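One letter stands for each residue in the lines below.
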2 protein chains.
Amino acid sequence: MKNCFPGEGWRRAVGWAGHNVIAGVFDGIKQWHKDSTMIGFLDGPHGVFSGNLGGFDMLGSGRHKIESEQQFQDSVAVCNAIGLDGLVIIGGDDSNTNGAVLAEYFKTHGCKTKVVGAPKTIDGDLKCPPFIPISFGFDTACKTYATLVGNVAVDALSAQKYYHLVRLMGRSASNIALEVALITRPNACLLGEEVSRDKRSLRDITLDLADMIEERSADGKDYGVIILPEGLIEFIPEFNSLISELNDKLADPGAQATEVSKENENAWRTPAQPVDPVQEAQATEESVLAVLSKENADCFRYLPAFIRAQLLLDRDPHGNVQVAKIETEKLLAATISAELDIRRAKGSYKGSFSPQFHAFGYEGRAGMPTIFDSAYCHALGAT
Amino acid sequence: MKNCFPGEGWRRAVGWAGHNVIAGVFDGIKQWHKDSTMIGFLDGPHGVFSGNLGGFDMLGSGRHKIESEQQFQDSVAVCNAIGLDGLVIIGGDDSNTNGAVLAEYFKTHGCKTKVVGAPKTIDGDLKCPPFIPISFGFDTACKTYATLVGNVAVDALSAQKYYHLVRLMGRSASNIALEVALITRPNACLLGEEVSRDKRSLRDITLDLADMIEERSADGKDYGVIILPEGLIEFIPEFNSLISELNDKLADPGAQATEVSKENENAWRTPAQPVDPVQEAQATEESVLAVLSKENADCFRYLPAFIRAQLLLDRDPHGNVQVAKIETEKLLAATISAELDIRRAKGSYKGSFSPQFHAFGYEGRAGMPTIFDSAYCHALGAT
């Protein structure tokens, strides 16, 4: 039996534990037959259809997909040429979906290679109990982030003067934020899924957090820790509606606004012929308010100036607003600060609100794996 | 003998190790005489002159100083009232300077309390060999940051598509950046002291890093890790000169620009009466270029648009530019990207440059202490 391992979508993120999947496969096939051999494909799926072979250490990862008919044909040819019995794919939902399609193609085209997926993602959104209780990497990432959040919380308690707003990786899912909150017990943790279910607005969230800050302040505590999931903004319904209308109205290829956006995007790249982004943006902000529905215009006005500017200036080549680039922790700190200023003027709030920002992502994807992830990965590989 | 411990400037930052100083003092005075007692002041120096006593666990820290004649008198009164033999100050350069002044005041005013300082700061800039080889906290902070930078480096190697720009805490000193670089071996690490010594400009630094990125790209490597010290910008001479002139010209109370700045600063706090920051800023950018010297105007033009806007909009109540708020890693990524675009147009560079940003600070100040810091702190206390 021959086995090979593309690094498909396999970030070293969960890499040290990921190695254990490979070690497990090796142990498993050797137990099955002493002459079994193992082959690794470098750089993910690209390695499968281009026949790019390599050792199983440091396979690297790829974001490619096997998509075109030619790539599928090449994949069959490569697997047939080396007489491959099994292909193990280590990756997240995208990689495993692609793996399933590849498996069907292999079967209908008489290729003997069986495709097996190993569930890898730190996001914790790839599970299907009882078959897949959890993806590997989640446990390691949560414990790495929890260590950092714990450090920040201890510092908050000592300095007694900052609110630390911590944004955690995890794409749309708030699984990581929830798990880290359960470990570290911050003063608040927002979950995107709850925000969406309860149809909460940015203002609702702001008022809630301001209430907590006001209450703690009355108790002499002008400090704390608030955890936010990376995908929070996507879950706020009014925000979705605003973004959607902005994209509709501004990404229109004929619209003047799109041209402005593209020009500004490269403004600082051409210092020799400086474009004045400020003048151009002015036209845009006015024109935006003129075309938006009343609800969306109100939502737009509620945003702090630097976020409004970001929405108008920082768009992708298609003119779409880049929601992922919005730093949620800074947006919320600004709306909370504005709300607290109103309460201060009314006399109900007398504290000080000094935010500090943290965004943890890549540093949690390549930590030393936990015992759980190490054992889980070896078991996955050996099965 | 009685001993007491203000948390002066003592962040729990280095807190767990800091506890060992206190444990060491306790062991030391008990060895000296079994009836010795230890008293702690809560919340730093504020506790000394206000007589705010507390247990030695979780003393908390303070940024207050003992400054006024009244505060000095009160400190003497409190120390005399409890018959204090020794006062141990755990803090950085500010705290220990204040401690030295307090010691002189105690001596000249016939107070028997002796003041002893314990050197605490993660920055690693408080040393005076052979008396003080290093402050405690530095070792723990460096190893905490090195773990994170190491994780990021492993992820960079796997994904093979990002340049990670990591800014590390440490105020003006680059000690932490250097130590972490020696542990993790990134592709580049800038040291503020070298930049200052060699009078390097932002453009010089940009060209150097672009050279490295171009060279790595020719080798098929469009990824890497670059470490920057928090205080880098202060060390770039031309930048200092620009900031100084901006402050001179713009902070003039009569100048129109200052008014604009103040208005904009609070623009997003008053959504009911929206000020258009964009229109106001335009006037400012024009007026700035008109009044700057040629060298400083060139330097200003070399900056990316978002940094120019930040310099004009984000000023403190005195109208001064807030250099500390500039995110050095984003500034450098923008100038590097612009330089690489020029090289791409010329044909010498064919790669892609996708930066990812990290700023590690508070998360390194409250980590589990290293064996070195733990032992060092106990020894400091027991001496």
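So, how was this worked out
Residues numbered from 1 in each chain as written. Chains lettered and ligands numbered in written order. Predicted model: local features only at pLDDT ≥ 70, side-chain atom pairs only at ≥ 80, totals over all residues. Heavy atoms only, no water. Helix = DSSP H or I, 4+ residues; strand = E, 2+ residues; numbered from the N terminus. Polar contact = N/O pair within 3.5 Å; in protein donor to acceptor, adjacent residues only side chain to side chain. Contact = heavy atoms within 4.5 Å. Phe/Tyr/Trp six-rings, centres within 6.5 Å; stacked < 30°, edge-to-face > 60°. Buried < 20%, exposed > 50% of the residue type's maximum accessible area, 1.4 Å probe, protein only. Lys NZ or Arg CZ within 6 Å of the ring centre and 35° of its normal. Pairing = 2+ DSSP bridges. Salt bridge = Lys/Arg side-chain N within 4 Å of Asp/Glu carboxyl O. Core = buried A, V, L, I, M, F, W, Y, C linked by side-chain atoms within 4.5 Å. Expected span 1.5 Å × (residues − 1). Arc of directions from axis to C-beta. Right-handed = clockwise from strand over helix to strand, strands pointing away. Axes fitted to C-alpha atoms, helices over the stretch in contact; angles between N-to-C directions. Parallel < 35°, antiparallel > 145°, perpendicular 65-115°, else oblique. Nonpolar A, V, L, I, M, F, W, Y, C, P; charged D, E, K, R; others polar. Left-handed = near helix turned anticlockwise from the far one by under 90°.

Participant: Looking at this model, I keep getting lost on the side chain of H358 of chain B. Mind explaining?
Facilitator: Relative to the assigned elements, H358 of chain B resides in strand β9 (residues 355-360). A polar atom in the side chain of H358 of chain B sits 2.9 Å from the side chain of E363 of chain A. The residues contacting H358 of chain B, other than those within four sequence positions of it, are Y362 and E363 of chain A together with V152, H164, L165, V166, R167 and E329 of chain B.

Participant: In this structure, what is going on with the packing of aromatic side chains? I would like to understand it.
Facilitator: Remark: the centre distance and the inter-plane angle together describe each pair of aromatic rings, the angle taken between the planes. A complete count under the given rule lists eight aromatic pairs over all chains for this structure. Ring geometry for Y162 of chain A and Y362 of chain B: centres 5.4 Å apart, planes at 65°, overall edge-to-face. Of this pair, Y162 of chain A sits in the loop between α5 (138-159) and β6 (163-168) while Y362 of chain B sits in the loop between β9 and α15 (371-382), which puts the two residues in different chains. Given the relative accessible area of 11%, Y362 of chain B is considered buried. The ring of Y223 of chain B has R216 of chain B lying over it, and the distance from NZ or CZ to the ring centre is 5.4 Å.

Participant: Help me out: how do you make sense of the sheet that holds strand β8 (residues 224-229) of chain A in this one?
Facilitator: The pairing of strands in a sheet comes from backbone hydrogen bonds and takes either a parallel or an antiparallel form. Residue and element names in this part refer to chain A. Read across the sheet, four strands follow the order β7-β8-β6-β9 without closing on themselves; strand pairing throughout is parallel. Strands with a single pairing partner mark the edges of an open sheet, and in this sheet they are β7 (188-189) and β9 (355-360). Sheet topology note: the β7/β8 ladder contains two bridges and is parallel. Within the sheet, the bridge partner assigned to C189 lies in β8 and is I227.

Participant: Can you walk me through the pattern of salt bridges in this structure?
Facilitator: Proximity of charged atoms lets side chains of opposite charge pair with each other. Residues and elements named next belong to chain A. Counted according to the given criterion, the structure contains 30 salt bridges over all chains. Two residues, K143 and D139, come together in a salt bridge whose shortest N-O distance is 3.1 Å. Within this pair, K143 and its partner D139 are both found in helix α5, separated by four residues, close to a single helical turn. The exposure class of K143 is partly exposed, given its relative accessible area of 42%. Between K221 and D219 there is a salt bridge whose closest N-O contact spans 3.9 Å. Residue class for K221 comes out partly exposed when judged on its relative accessible area of 32%.

Participant: How do you make sense of the nonpolar core when you look at a structure like this?
Facilitator: Note on soluble globular proteins: their nonpolar side chains tend to be buried together. Core analysis: the biggest nonpolar cluster contains 69 residues, and Y145 and V180 of chain A together with Y145 and V180 of chain B have the highest contact counts within it. Excluding anything up to four places from it in sequence, V180 of chain B contacts C142, Y145, A146, V149, L168, R185 and I227 of chain B.

Participant: Looking at this structure, how should I read helix α4 (residues 93-108) of chain B?
Facilitator: Counting along an α-helix, one turn takes 3.6 residues, and residues three or four places apart therefore face a common direction. Residues and elements named next belong to chain B. Compared with the 22 Å implied by 1.5 Å per residue over 16 residues, the 23 Å span of α4 between its first and last C-alpha is a close match. Regarding α4, the residues found buried are S95, N98, G99, L102, Y105 and F106. Mapping the buried residues of α4 onto a view down its axis gives an arc of 120°, with all of them on the same face. Turned more than 90 degrees away from the buried face of α4 sit E104, K107 and T108, all of them exposed. Where α4 is buried, its residues contact α3 (69-81), β4 (86-91) and β5 (114-119). Directly beyond the C-terminal end of α4, a positive phi value near 65° is found at G110.

Participant: How should the pairing of strand β5 (residues 114-119) of chain A be read in this particular structure?
Facilitator: The side chains of a regular strand alternate, residue by residue, between the two faces of the sheet. All names here are of chain A. Of the pairings in the sheet, the one linking strand β4 (residues 86-91) to β5 comprises six bridges and is parallel in character. Residue V88 lies in a different strand from β5, and its bridge partner there is V116. This β-α-β element, β4 to helix α4 (residues 93-108) to β5, shows right-handed connectivity.

Participant: Would you take a moment to explain the pairing of strand β8 (residues 224-229) of chain B for this structure?
Facilitator: Counted residue by residue, β8 of chain B has six buried out of six residues, so it is predominantly covered. Going residue by residue along β8 of chain B, you find G224, I226 and L228 of chain B tucked away on one face and V225, I227 and P229 of chain B tucked away on the opposite face as well.

Participant: What's the story with unusual backbone geometry in this structure? I'm lost.
Facilitator: Negative phi characterises most residues that are not glycine, and trans characterises most peptide bonds. With phi around 50°, R185 of chain A is a residue other than glycine that occupies positive phi space. Secondary-structure assignment places R185 of chain A in the loop between α6 (175-184) and β7.

Participant: Looking at this structure, I do not really get the sheet that holds β8 of chain B. What am I missing?
Facilitator: Residues and elements named next belong to chain B. The strand order across the open sheet formed by four strands is β7-β8-β6-β9, and the pairing between neighbours is parallel. The strands lining the two open edges of the sheet, one partner per strand, are β7 (188-189) and β9. Lying over the sheet, helix α5 (residues 138-159) contacts β6 (163-168), β8 and β9, oriented at roughly 150° with respect to β8. Against the sheet, helix α14 (residues 328-346) contacts β6, β8 and β9, and its axis sits at roughly 160° relative to β9.

Participant: What is the right way to read the packing of helix α9 (residues 237-250) of chain A against helix α12 (residues 294-302) of chain A from this model?
Facilitator: Each packed pair of helices is defined by two parameters, the angle between the axes and the distance between the axes. All names here are of chain A. In contact at an axis separation of 9 Å, α9 and α12 are set at 105° when each is read in the N-to-C sense. Relative to α12, the element α9 is oriented roughly perpendicular. Contact with α9, carried on its side by E238, S241, L242 and E245, involves N296, C299 and F300 of α12 and no other residues of that element. Its residues placed into classes, the contact of α9 with α12 shows three nonpolar, two polar and two charged.

Participant: Can you walk me through the packing of α5 of chain B against helix α6 (residues 175-184) of chain B in this structure?
Facilitator: Residue and element names in this part refer to chain B. For the pair α5 and α6, interaxial distance at closest approach is 9 Å and the crossing angle is 50°. Judged on the interaxial angle alone, α6 and α5 are oblique. Where α5 crosses over α6, the two elements pack in a sense that is right-handed. Within the contact between the two elements, α5 uses F138, C142, Y145, A146, V149 and G150 and α6 uses N175, I176, E179, V180, I183 and T184. For the contact of α5 with α6, a count of residues per class yields eight nonpolar, three polar and one charged.

Participant: Please explain the environment of R203 of chain A as it appears in this structure.
Facilitator: Residue and element names in this part refer to chain A. Of note, R203 is situated in helix α8 (residues 202-218). The exposure class of R203 is partly exposed, given its relative accessible area of 43%. Residues R203 and L332 lie 129 residues apart in sequence; the distance between their C-alpha atoms is 9.6 Å. Those residues in contact with R203 that sit more than four places away from it in its chain are E238, Y302 and E339.

Coordinates in, geometry out; function isn't part of it.
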